[in-house]
Every structure is written in structure tokens, then in C-alpha cells.
There are 2 protein chains.
Amino acid sequence: MNSNNYCVIMAGGVGMRLWPMSRKVYPKQFQDILGCGRTLLQQTYDRYSRIVPPENIIISTHVDYTDIVHEQLPQVAKERVVHEPAFRGTAPSIANLACHIRALNPQANIVVAQSDQLVLDEDKFIETVGKGFDFVEDNNKLVVIGIKPTCPETRYGYIQAEGEPESELFYKVRTFTEKPAIDFARIFVDSGEFFWNSGIYIWNVQAIIDTMSLCLPDMMNVLKDVYERIPQRDARRRQAYELYTSFPTASFDVNVMERSDNVYLVVGDFGWADIGTWETLYSTLPKDAHDNVFIGGKALKYGSRNNMVVAPKQKLVVLQDVNDMLVVDTEEALVICKKGNESDIRKFLNDAKMKFGDKVE
Amino acid sequence: MNSNNYCVIMAGGVGMRLWPMSRKVYPKQFQDILGCGRTLLQQTYDRYSRIVPPENIIISTHVDYTDIVHEQLPQVAKERVVHEPAFRGTAPSIANLACHIRALNPQANIVVAQSDQLVLDEDKFIETVGKGFDFVEDNNKLVVIGIKPTCPETRYGYIQAEGEPESELFYKVRTFTEKPAIDFARIFVDSGEFFWNSGIYIWNVQAIIDTMSLCLPDMMNVLKDVYERIPQRDARRRQAYELYTSFPTASFDVNVMERSDNVYLVVGDFGWADIGTWETLYSTLPKDAHDNVFIGGKALKYGSRNNMVVAPKQKLVVLQDVNDMLVVDTEEALVICKKGNESDIRKFLNDAKMKFGDKVE
């Protein structure tokens, strides 16, 4: 493995659309959402430790979650868990991590990974990331993995590729598009030019710092100054930490990727899903003969179809004449509702907070 | 309180029709089924300790449950928890308890109580039992509380009363009838002659021993011999315990009550239900504006009607578009099924045992 290759796993989200399983005190990435015995974060770590040297894997999270990260990944040294004092969006976070890694290794290539994604064909995935690393090693291009869409999904952002691929699988990116309406999504997929935005980025550390310095010069000047001025790692981190809250909230996709002309897309075709909602989970996972998806739980079903059921592993779940429902059972909450209506989950949570207090979150 | 008055609380049942809440290792009488902070056994104890001196309350249970009884009723001395080594039906159990109490006090009057019943008007209930005690004090009549039926319930046994009451509320009993079909139940209720069999009996100890000696002479001879021959209480109990398994299984109602001509009925009209099935619980308990019954749980409901929901007290339960369902959530199992189909519960349990082993019971 190339010792210049680094991986940053982004693990700071709260994932409230997967409530009540995903909770503010214990978000989805720290849970065994798929019922396979490893949490999403652990699975992500396992996946990337086949691509970069394990000592080059850095976890980025919110300060509230550092203890959970250490508990779930005891093999990751404390200094490789970078936490932020406040939520300021993806741009300040990626900038800070880039400066941090450049101080460790100015020749670093970095893959920015998400901690809440499902990958079915890991070998193909590893091959794709490997090609991305090769592509960015000697130039200042930014790479994003674009997933070949399998349906007009409206829960993902889309990336439009320009004409023919430059070298094998790498297309120049024309536009980034936020989650589209279903009509647009259909047109996107039919055109063959659009790919799902995986949120997985690959670049060399100098390229991303140079690009961000053009897009967000004020923030980058502050950060670069800290990293150049303070030689001791701990003192530097403390200073960056203190300055972090003064940064404006900024999205990396909007402020950097959409405004840069050096962004390339590598096609990913390895069975991928962002585990953002119960519905994406349902559409991704294998179903039984009656279109039910069961995660965890010992299931007994009678005349029940098209349900998504999530329960603790050891729990017996009996369903009779239950159809088209989402059933999520955790220690704290049981939700039984119509499947596929994502916005209701947020409503339930808000109502529950109003009625029973913030503890339900 | 009359120091000759005793109460035996029958607490040995397994109550599988209330599975998964009622479990073999922890049957319904030991659970806070109503979500009021006291288990059914504790509620029963509280109720009868207003009628007889607490030191005259005896708990009859299966050997497997003695620890639970001591835990839930620490105020009951060990020797007042009588357990049986095997299930032999109600007749041997009542006979053994009668002999046991006669040895303590030959002038005893006894009320045999069930540990899984709901009583709404406790004052009226206490008055009724008190009248029963007065009635049996000086004669050999056996009294059963007959509940004035409020609907043609097919889950209860019925008792037919003969003509006019003998003294105030006491009718001579004509027949006992097992759970009837709905057509018969309607005729019974319309006739005004039939009452629900509460399973609550009142008599003096000599009357029940004399009556049982006529109906089940072999068993009674064995028992009486033990109690007359062995003066030490512990040795006597040990001997009765050893002989118990040799008794044939026999129902008290069938073998004693139905065959005796000294049985009287006192009318009970205090809001009563036998907590035998989810449906009886549903029909008994107060409903919200949409005909839902919630026991335990912090409820959030959206467009959901006519459900029976049982959950742990602290658990948040969100229902959306759920109708006519029974939802029972315990630590070990979650059952979501059509409400009102009692026989299915047994089927679920049997299937679960076949598929996942006896531990689910």
C-alpha cells in the first residue's frame, strides 16, 4: 500500500431521518443498522483499511462523539480522531483536515469517505478508489466518485459528466445538481450523462488546499497561518479548534466543487447506497418472498407484505396482516408508520420532543 | 376484621393467552399488565388486605414462582406461600389449602381469590365479600360470586341461578355452564338468570372439606390422613407435597361445584373482568377518542383507530395509519397482529417455539 495515501472518514452527522434508531446521542454511523455485527463506522473503517495503510486513516467527528469513536475503533490512535467544536458544514471541515494532513505529509493523497454508505462489491470499490489515487497523484485535479444510477432516485444529488471520458473512466464534471424532482431525475438517468454524487472525493493534499484557497480565501488564510506559524501539533490543533467557530457555515459541494473547473468524475459501479433514509435502506436490501425487509429480530410473518422492519437482534417480531409499513423498534422507541413517507419521521420526532422532551431525540 | 376470615390467592397460572407479556417464566399475575405501578398479584393482595387480616392471606402458587411471590410481596411470611409440586388442576389445590387452613384455625372462613382479575369498584366488592363471609359463617353452604353480565361474553363460564334469592342477594345455583357459543351467551344474558362465574368462592373450612369428601373421597382421605397424623407443620407440608403428584388432575368447578347441591351465588356488581385475553382487557379499559387503548408507553398517534397497544412504561410508541391492531411490545418480543383473534396468539407462540426454541415462551 502506498504510504502517501490517506483516508478521512467523515463521521460527524446526526442522521435524524433514521430516527428512532439513529439518535442525536448515538447517530446511525455508530450503529449496526444492517444487523451484521459491525457498526456502519466499523464497516467503513474495515473497507478503507484495505485501501490505505491503517495508520493513515483519520476519523473526523463532532466533539460529542469522540468517546464513541474510540470505543468502536480502539485500534485508531487518539491523535487520529479529529473533532470539531461546532457544526460549520463540510467546507471548513475538509479544509481543516487537509491542512492537518499536509502537516503530516506534504505528499499525501487523500480519499474523503462517508461513514454511512453501503458498498456491495468491495473488490470493485477498492479498484475504483485505487484508480482515483493513481489519477490524482501527479496533478491538481479533484476527483469525485459518481455512481452509475440504477433508478431515478430523488434522494441523491446528481453530477453531470462532460462528453467522452478523458482517460478510461475519468470524465470532466460539467455540473453538480442538488436532489432533483422525480421528472428531472428520470431525464437525468435516461440521458446517460448523470451520476449520483457519492460524496467520496479523492485528491492530493496540495491540490485541495490550492483549490480551496481560490474558493474560500479568508478561511484558508486563517487556517494556513495557524498550521505554518505553530510547529507543535497539539498547540496547532488547539488553535485551529478555537478559530473553527469563527468560520461561516459553508457547503463543500456548493462553495468548492461547483465553482472549480478541475473536478473529474470516476465512475463507480459497485452496488452503492447512502444509508440516509429507511426507504433507501429498503430499496437497497434483499427482500423475502413477500417483499419484506427484516433487519435484526427473529421474524415470524403471517400474511404480511412490503414491510421494512428493524428490531434488536435477539428480539422476536411477529407480524400478522401488516402491509406497507415501517416498523422500527429500539430500546427507547417503537415506530409503526406508513413506509416511504420520509418527512413524517422528522414530524414524529419533533412532536415527540414537544410532548415528551428532548430525551427522545 | 374478623380474625377467623382467611383469603387464599390463587397465583399459579401461566396465562399464555396474554403472551408475549405473560411468559412461562413470568406469568401475567406477576406483571404490571395495567401499567399502574403494581402487579396484578400486588393489586389483588392490596384488595383483600382490606377484607381479611393481612396475616390470614395465603398465596397458592407453583413451586417455580415462589421466589417471585416473595419478591413482590415481602410482607407475606414464607410459610404463608403454599406451593404445589405439579399442576393437578384446581380441585387438589383447593383441597390441600382447606386442610392446611383447618389445621391453623378450625373456625376459619375462606375466600378463594384469583390473582388476575380487575375490580373497578373496590368498596362494593369488599361489601359483597363481607356479605359472603357473614352468609357462610354458620352453615355448610358454598358461595360463589356471580357477576351480573354486561354483555354476551363468550370468554367466561356462566352460572344459572334458581328462581328468587333466598336471603337478599343469595341465589341457589342451578347449573354451571362452560364458555358458551355467542348465541347461547345472548340467551343467557337476556334471561336474567345467568351470571358470569368469577371463580371467587367463599365458605367455612369445614363446609368445603365435608363437600369435597363427598365428591372426591379418595383424595380427601389421603389429605385428611396426612393432616391428622402429622402434628408438625413442616413435616406435614412435606408429606402433602410428596403425595400431591399422585392425585389425578381434577377441576374444582366440574368435580365439586357442579355436583354439589349446597352451592349459592352472591351477586357481584362492582365492575369486574378476568384479565385472560387481550380482548377482555381491551373491552374493559377506557379508550381514547379514537377507540385506542394504551397500556404503558408514551403514545403519539396519527390517524390510528381501534388499537390495543401495550408497551413498557418509558417507551415512546408512534403509530401512524395503524387500525384494528394489537401491538404488544416487551423486552423479548414485539407482536403486531389483528386485534380480537385470541387463538392466533397461541399459534404465534407455538410457531415461535418451533422455530426459535422454548425460550420465547
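The structure we're discussing is the one just above.
Notes on the structure follow. Only a predicted model underlies this, so the values are computations on that prediction, with no experimental measurement involved.

1. Regarding the overall build of chain A
Phase 1 of the analysis: Each helix and strand counted, chain A has 11 helices and 17 strands in total.
Phase 2 of the analysis: A compact globule built from 361 residues would reach a C-alpha radius of gyration of about 21 Å, and chain A, at 21 Å, matches this within 12%.
Phase 3 of the analysis: Projected onto its principal axes, the C-alpha positions of chain A cover 65 × 45 × 35 Å.
Phase 4 of the analysis: Counting over 361 residues, chain A shows a buried share of 56%.
Phase 5 of the analysis: Across chain A, every contact between residues at least 6 apart in sequence was considered, and the portion connecting residues at least 24 apart equals 66%.
Phase 6 of the analysis: Of the roughly 15100 Å² of accessible surface on chain A, 48% is carried by carbon and sulfur atoms.
Phase 7 of the analysis: Seen as two clouds, the 40 positive and the 49 negative side-chain charges of chain A have centres 5 Å apart.

2. Side note on the state of the cysteines
Each disulfide consists of a covalent bond between the sulfur atoms of two cysteine residues.
All names here are of chain B.
Phase 1 of the analysis: As enumerated under the stated definition, the model contains 0 disulfides over all chains in all.
Phase 2 of the analysis: For the unlinked cysteine Cys-36, the closest cysteine sulfur is that of Cys-7, found at 18 Å.
Phase 3 of the analysis: Free cysteine Cys-215: the closest other cysteine sulfur is in Cys-99, separated by 14 Å.
Phase 4 of the analysis: What makes Cys-215 buried here is its relative accessible area of 10%.

3. A few points about the relation of the copies chain A and chain B
Phase 1 of the analysis: When chain A is fitted to chain B, the best match, at an RMSD of 0.0 Å, comes from turning it 180° and sliding it 0.0 Å along the axis. Taken together, the rotation and translation relating the two chain copies correspond to the operation of a two-fold axis. Rotation axis and chain A: the residue whose C-alpha lies nearest the axis is Glu-331 of chain A, separated from it by 4.0 Å.
Phase 2 of the analysis: Of all interface residues in chain A, 100% are interface residues in chain B too; the two copies therefore contact each other through one and the same surface.

4. Some words on the interface of chain A and chain B
Phase 1 of the analysis: On the chain B side, the residues contacting the 34 residues of chain A number 34 residues.
Phase 2 of the analysis: Here chain A and chain B share an interface that buries about 2800 Å² over both sides, 64% of which is from carbon and sulfur atoms.
Phase 3 of the analysis: Viewed at the interface, chain B and chain A are joined by 2 salt bridges.
Phase 4 of the analysis: Salt-bridge contacts for Lys-315 of chain B lead to Asp-329 of chain A; the nearest nitrogen and oxygen are separated by 2.5 Å.
Phase 5 of the analysis: At the boundary of chain A with chain B, the tally comes to 22 residue pairs in polar contact (both at pLDDT 80 or more).

5. Quick word on the sheet that holds strand E16 (residues 325–329) of chain B
Phase 1 of the analysis: Reading across from one edge, E13(A)-E15(A)-E17(B)-E16(B)-E14(B)-E12(B) is the order of the 6 strands in this open sheet, with mixed pairing throughout. The sheet terminates laterally at strand E13 (298–302) of chain A together with strand E12 (293–295) of chain B, the two strands that pair on one side only. With direction set aside, neighbouring strand axes in the sheet form an average angle of 5°.
Phase 2 of the analysis: In terms of strand pairing, E13 of chain A meets strand E15 (residues 316–320) of chain A through 5 bridges, oriented parallel. Bridge assignment links Leu-300 of chain A to a residue of E15 of chain A, and that residue is Val-318 of chain A.
Phase 3 of the analysis: Against the sheet, helix H11 (residues 342–356) of chain B engages E13 and E15 of chain A together with E16 and strand E17 (333–338) of chain B, with an angle of about 135° to E13 of chain A.

6. What to know about unusual backbone geometry
If a residue is not glycine, its phi is most likely negative; likewise, a peptide bond is most likely trans.
Residue and element names in this part refer to chain A.
Phase 1 of the analysis: Here the residue pair Trp-19 and Pro-20 is connected by a cis peptide bond, since its omega of 5° sits within 30 degrees of zero.
Phase 2 of the analysis: Mapped onto the fold, Pro-20 is located in the loop between strand E1 (5–10) and helix H1 (40–48).
Phase 3 of the analysis: Residue Asp-291 is not a glycine yet carries a positive backbone phi of 60°.
Phase 4 of the analysis: Looking at the secondary structure, you find Asp-291 in the loop between helix H10 (278–284) and strand E12 (293–295).
Phase 5 of the analysis: Here the phi dihedral of Asp-324 falls at roughly 60°; this positive angle occurs in a residue that is not glycine.

7. Quick look at the pairing of strand E8 (residues 170–177) of chain A
All names here are of chain A.
Phase 1 of the analysis: Looking at chain direction, strand E7 (residues 158–167) and E8 are connected through 6 bridges and run antiparallel. Among the inter-strand pairings, Tyr-158 is bridged to a residue of E8, identified as Thr-177.
Phase 2 of the analysis: Between E7 and the antiparallel strand that follows it, E8, lie 2 residues; Glu-168 among them carries a positive phi value of about 60°.
Phase 3 of the analysis: Relative to strand E10 (residues 263–268), E8 is paired through 3 bridges, and the arrangement is antiparallel. Counterpart to Lys-172 in the pairing with E10 is Tyr-264.

8. Examining the sheet that holds E12 of chain A
Phase 1 of the analysis: Here 6 strands make up an open sheet; going across it, the order is E12(A)-E14(A)-E16(A)-E17(A)-E15(B)-E13(B) and the pairing mixed. Lying at the two open borders of the sheet, with one neighbouring strand each, are E12 of chain A together with strand E13 (298–302) of chain B. Strand-to-strand twist of the sheet, defined as the mean angle between neighbouring strand axes without regard to direction, takes the value 5°.
Phase 2 of the analysis: Both strand E14 (residues 308–310) of chain A and strand E16 (residues 325–329) of chain A contribute to a ladder of 3 bridges, which runs parallel. The residue of E16 of chain A that forms the bridge with Val-309 of chain A is Val-327 of chain A.
Phase 3 of the analysis: The strands touched by helix H11 (residues 342–356) of chain A are E16 and strand E17 (333–338) of chain A together with E13 and strand E15 (316–320) of chain B; relative to E13 of chain B, the strand with the most contacts, the crossing angle is about 135°.

9. Re the side chain of Ser-115 of chain A
All names here are of chain A.
Phase 1 of the analysis: Relative to the elements of secondary structure, Ser-115 occurs in the loop between strand E4 (109–114) and strand E5 (117–119).
Phase 2 of the analysis: Residue classification places Ser-115 among the buried residues on the basis of a relative accessible area of 3%.
Phase 3 of the analysis: One polar contact links the side chain of Ser-115 to the main-chain carbonyl oxygen of Met-10, over a distance of 2.8 Å.
Phase 4 of the analysis: Ignoring sequence-local partners within four residues, the contact set of Ser-115 consists of Ile-9, Met-10, Ala-11, Gln-29, Leu-40, Leu-41 and Thr-44.

10. As for the pattern of salt bridges
Phase 1 of the analysis: For the coordinates displayed, the defined rule picks out 33 salt bridges over all chains.
Phase 2 of the analysis: The shortest N-O distance in the salt bridge between Glu-361 of chain A and Lys-353 of chain A comes to 3.2 Å.
Phase 3 of the analysis: Classification of Glu-361 of chain A as buried rests on a relative accessible area of 14%.
Phase 4 of the analysis: For Arg-186 of chain B, the salt bridge identified is with Asp-183 of chain B, shortest N-O distance 3.5 Å.

11. Describing the pairing of E7 of chain A
Phase 1 of the analysis: Taken together, the 3 bridges between E7 of chain A and strand E9 (residues 194–204) of chain A define a ladder with antiparallel strand orientation. By the bridge assignment, Gln-160 of chain A is partnered in E9 of chain A with Phe-194 of chain A.

12. Notes on helix H8 (residues 233–244) of chain A
Residue and element names in this part refer to chain A.
Phase 1 of the analysis: Given a rise of 1.5 Å per residue, 12 residues ought to cover 16 Å, and the 16 Å separating the end C-alpha atoms of H8 matches this to within 8%.
Phase 2 of the analysis: Taken together, the buried positions of H8 are occupied by Arg-236, Ala-240 and Tyr-244. Buried residues of H8, viewed axially, fall in a sector of 75°; they line one side. For H8, the exposed residues set more than 90 degrees away from the buried face come down to Asp-234, Arg-238 and Glu-242.
Phase 3 of the analysis: Where H8 is buried, its residues touch strand E3 (81–84), helix H3 (90–104) and helix H7 (217–229).

Rules used throughout
Every chain is numbered independently, its residues counted from 1 as its sequence is written. As they are written, the chains are lettered A onward and the ligands numbered 1 onward, keeping that order. The predicted origin of the model limits local features to residues at a pLDDT of at least 70 and limits the giving and counting of side-chain atom pairs to 80 or more, whereas totals for whole chains, interfaces and linings rest on all residues. Excluded from the side-chain calculation are hydrogens and water; included are all heavy atoms of the structure. In this text, helices come from DSSP runs of H or I with a minimum length of four residues, and strands from runs of E with a minimum of two, each type numbered from the N-terminal end. Two things to know: the radius of gyration comes from C-alpha atoms, and the globule rule equals 2.2 Å times the number of residues to the power 0.38. With a 1.4 Å probe rolled over the protein chains alone, any residue whose accessible area is under 20% of its type maximum counts as buried; one over 50% counts as exposed, and the rest are partly exposed. Every residue pair with non-hydrogen atoms within 4.5 Å of one another is taken to be in contact. Here, Shrake-Rupley sampling with a 1.4 Å probe gives the accessible areas, and only protein chains in the shown set may cover a residue. A residue counts as positive if it is Lys or Arg and as negative if it is Asp or Glu; His and the chain ends are not included. Where a charge lies is defined by one atom per residue type, namely NZ (Lys), CZ (Arg), CG (Asp) and CD (Glu). Disulfides are defined in this document as cysteine sulfur pairs within 2.5 Å. The superposition of copies rests on a least-squares fit of C-alpha positions from residues with pLDDT of 70 or more in both. Values labelled buried area give the accessible surface lost by two parts on being combined, using a 1.4 Å probe and summing over both. Salt bridge, as used here, is a side-chain nitrogen of Lys or Arg placed within 4 Å of a carboxyl oxygen of Asp or Glu. For the purposes of these results, a polar contact is taken to be a pair of N or O atoms within 3.5 Å, where, inside protein, one atom must be able to donate a hydrogen and its partner to accept one; residues adjacent in sequence count only when each atom of the pair is a side-chain atom. Only when DSSP finds a minimum of two bridges between them are two strands counted as paired. Only C-alpha atoms enter the line fits that serve as axes; for helices the fit covers just the stretch in contact. Angles between N-to-C directions range over 0 to 180 degrees. To estimate how far a helix should extend, the number of its residues minus one is multiplied by 1.5 Å. To be clear, the arc concerns the directions from the helix axis to the C-beta atoms.

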